[in-house]
Amino acid sequence: MKQVIYNKIGHPAEVLFIKEVQQRALKSGEARVSILATPIHPSNLLKISGQYGISPQLPETPGTEGVGRVTEVAADVETLTVGQMVFLAGYSTWQEEVTGPAASFIPLPEGADIQQLSMLMINPITAFRLLNAFADLNEGDWVVQNAANSAVGGYLIQLAKKKGIKTINIVRRESASKALIDLGADKVIVDGPNLTEQITQSVAGESVSLAIDAVGGESFSRMVASLSYGGTIVCYGLMSMHPPVLPSMAVIFNEITVRGFWLAKWFEHASSADKQKTFAEVIGLVASGDLNAKISQTFSLDQIKEAVTAAGESGRDGKVLLLPNTP
């Protein structure tokens, strides 16, 4: 089978290559899964280039999630059947197949969009946790987020709309506004020096208790200044690569709380019940079509250099997916 490999840190398009390896025999309790679709996330590219919070164990195959079909099961496996569609979490997914304990594969409903299901863990669950775990939000409340046209931003807009929570969405260019309004955004604002004033005008005297930051730098500072008394800002990214400056006046006089969120740590510390409940809700929303993300391009494994180049382009409109078993 083919797999994507890198054995040194560097620019993804320069260090990734295809390697053919032998298929290994199944052990007791294991299943073999052919991978149908797997996304390329910014975190994947950052890890390959040595800019992520986890160092790779070289040589390594990238990838963090995907959808596949069971092609073989060990004689003692009763929980999965050949042909069943499953979700892969915790596997390196930029390869044609994976083999592992049958219990590690999550059964998925048939008939749902395979490409949408391939992305159901990283971005939808991040959006779900950001919206639900840091503030007690009620119908009609306001949330402000930057990087609103990112995959997480799009999922968050859809989740908030279903709960009746209103969103202020910050983007870097006016051309991104229409797509977000069509998705359900209540307000879209282009970032700039007067961002705080624009947020204040948008809510017309109502409070803003939660801000969600994936950019850092001045955008973070402007959102902090727009929060109401006792508000919270949650950081989950640093797209600008500029460290944020925390406005002391807002922290002192408005008692603003700054929190961080990293999905890997949530998986590490969350209870099994909490993880199962979150997965079940998100799988249901994605499978029903109530939660989706735009896909810009798909590539085969042999096109890995073109794929990571496309995924790293600024202004890209939608996710880039690998289809490992597509010629």
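Residues numbered from 1 in each chain as written. Predicted model: local features only at pLDDT ≥ 70, side-chain atom pairs only at ≥ 80, totals over all residues. Heavy atoms only, no water.

Q: Explain the packing of aromatic side chains to me, please; I cannot follow it from the model alone.
A: Where two aromatic rings form a pair, the distance of their centres and the angle of their planes describe that pair. Going through the model one piece at a time under the given rule, you end up with 6 aromatic pairs. Pairing Trp266 with Phe267 gives two aromatic rings, centres 5.1 Å apart and planes at 65°, and the pair type is edge-to-face. Given a relative accessible area of 9%, Trp266 falls into the buried group. Taking relative accessible area as the criterion, Phe267 reaches 22% and is therefore assigned partly exposed. An aromatic cluster of three or more residues is present, and its members are Phe87, Trp266, Phe267 and Phe279. (Phe/Tyr/Trp six-rings, centres within 6.5 Å; stacked < 30°, edge-to-face > 60°. Buried < 20%, exposed > 50% of the residue type's maximum accessible area, 1.4 Å probe, protein only.)

Q: Hey, could you run me through the pattern of salt bridges in this one?
A: Counting across every chain of the model gives 14 salt bridges. Asp302 is paired through a salt bridge with Lys2; the nearest N and O atoms lie 3.0 Å apart. In this pair, Asp302 is assigned in the loop between strand S14 (295-299) and helix H12 (304-311) and Lys2 in strand S1 (residues 2-5), connecting sequence segments 300 residues apart. A single salt-bridge network, built from bridges that share partners, covers Arg32, Glu72 and Glu97. (Salt bridge = Lys/Arg side-chain N within 4 Å of Asp/Glu carboxyl O. Helix = DSSP H or I, 4+ residues; strand = E, 2+ residues; numbered from the N terminus.)

Q: Quick question: what am I supposed to make of the nonpolar core here?
A: Considering soluble globular proteins, one finds that nonpolar side chains tend to be buried as a cluster. Core analysis: the biggest nonpolar cluster contains 40 residues, and Leu108, Leu117, Leu120, Leu130, Leu131 and Leu210 have the highest contact counts within it. Those elements giving two or more residues to this core turn out to be strand S5 (85-89), helix H4 (122-132), helix H5 (151-163), strand S11 (208-213), helix H10 (263-269) and helix H11 (272-288). Looking at this core, the element that brings in the most residues is H4, giving 6 residues. Dropping the residues within four chain positions of it, Leu117 is found in contact with Val67, Met85, Phe87, Leu108, Pro109, Ala112, Val286 and Ala287. (Core = buried A, V, L, I, M, F, W, Y, C linked by side-chain atoms within 4.5 Å. Contact = heavy atoms within 4.5 Å.)

Q: Explain the side chain of Gln3 to me, please; I cannot follow it from the model alone.
A: By the secondary structure assignment, Gln3 is in strand S1. Within the structure, the side chain of Gln3 is placed 2.8 Å from the side chain of Gln95, a separation counted as a polar contact. Excluding its chain neighbours within four sequence positions, the residues that come into contact with Gln3 are Phe17, Ile18, Lys19, Val21, Thr61, Trp94 and Gln95. (Polar contact = N/O pair within 3.5 Å; in protein donor to acceptor, adjacent residues only side chain to side chain.)

Keep in mind that these numbers describe shape and distance, not what the molecule does.
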